[in-house]
Structures are given as C-alpha cells and as structure tokens.
Amino acid sequence: GYQVTHIDLHVGYNHEHAHAENQLEVDEVLSKTIDIITVELTVDSLVANQPTTLTYQLKGGEPEPYLGALGHV
C-alpha cells in the first residue's frame, strides 16, 4: 500500500522558516527526455486568480493510465 502525507512548503523567504529541503529552483526548460520519450509542457499564461491551461505533448511513447486516468497534475 501507499500512504499520503503532507509536506510543509514555505513560499517566499522568512528567516524563521528557512529550510534547505524546501528551497525551490526554477526550471526554465519545460521539456524533458528520458530514454526516447519526450514530454513538453506549454502554459498559456500564469496570472494570479485567473484560469490557465497546461498542455502536454508526448513524443516517442504512449501515455499509461495512472489511478484510472491518463494524466494527473
């Protein structure tokens, strides 16, 4: 079986809550290739309090169901 647990994620910087394990790094490359399969993400916009569309393009493979669906975000 598996277990779902929470993690604390602090956004911004606060000296009281600075934890090395929570330091996020921006990944500017929205395309990843493993073996021969490439997944590319495009985002229409990132504006606070506005809907956005995430589009994934898969090259070199077929999606496999996970938890009853072809993709989870």
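Structure: see above.
Residues numbered from 1 in each chain as written. Predicted model: local features only at pLDDT ≥ 70, side-chain atom pairs only at ≥ 80, totals over all residues. Heavy atoms only, no water.

Attention now goes to the pairing of strand β2 (residues 37-43). By the bridge criterion, four bridges tie strand β1 (residues 31-34) to β2 in an arrangement that is antiparallel. Bridging across to β2, Thr33 finds its partner in Thr38. Hairpin geometry of β1 and β2 is characterised by an intervening segment of two residues between the two adjacent antiparallel strands and by a positive phi of about 60° at Asp35. Relative to strand β3 (residues 54-59), β2 runs antiparallel, the two being bridged by six bridges. Bridging across to β3, Leu41 finds its partner in Tyr56. (Pairing = 2+ DSSP bridges. Helix = DSSP H or I, 4+ residues; strand = E, 2+ residues; numbered from the N terminus.)

So, about a nonpolar patch on the surface. Where nonpolar side chains cluster on the molecular surface, the patch consists of Ile36, Ile37, Val39, Leu54, Tyr56 and Leu58 and spans about 520 Å² of accessible area. Sorting the residues of the nonpolar patch by element identifies β2 and β3 as the ones contributing at least two each. Per-element tally for the nonpolar patch: the top contributor is β3, with three residues. When you line up the elements, Leu58 lands in strand β3. (Patch = residues over 30% accessible without salt bridge, like charges linked within 9 Å, V, L, I, M, F, W, Y side chains within 5 Å. Areas by Shrake-Rupley, 256 points an atom, 1.4 Å probe, with all protein chains shown as cover. Salt bridge = Lys/Arg side-chain N within 4 Å of Asp/Glu carboxyl O.)

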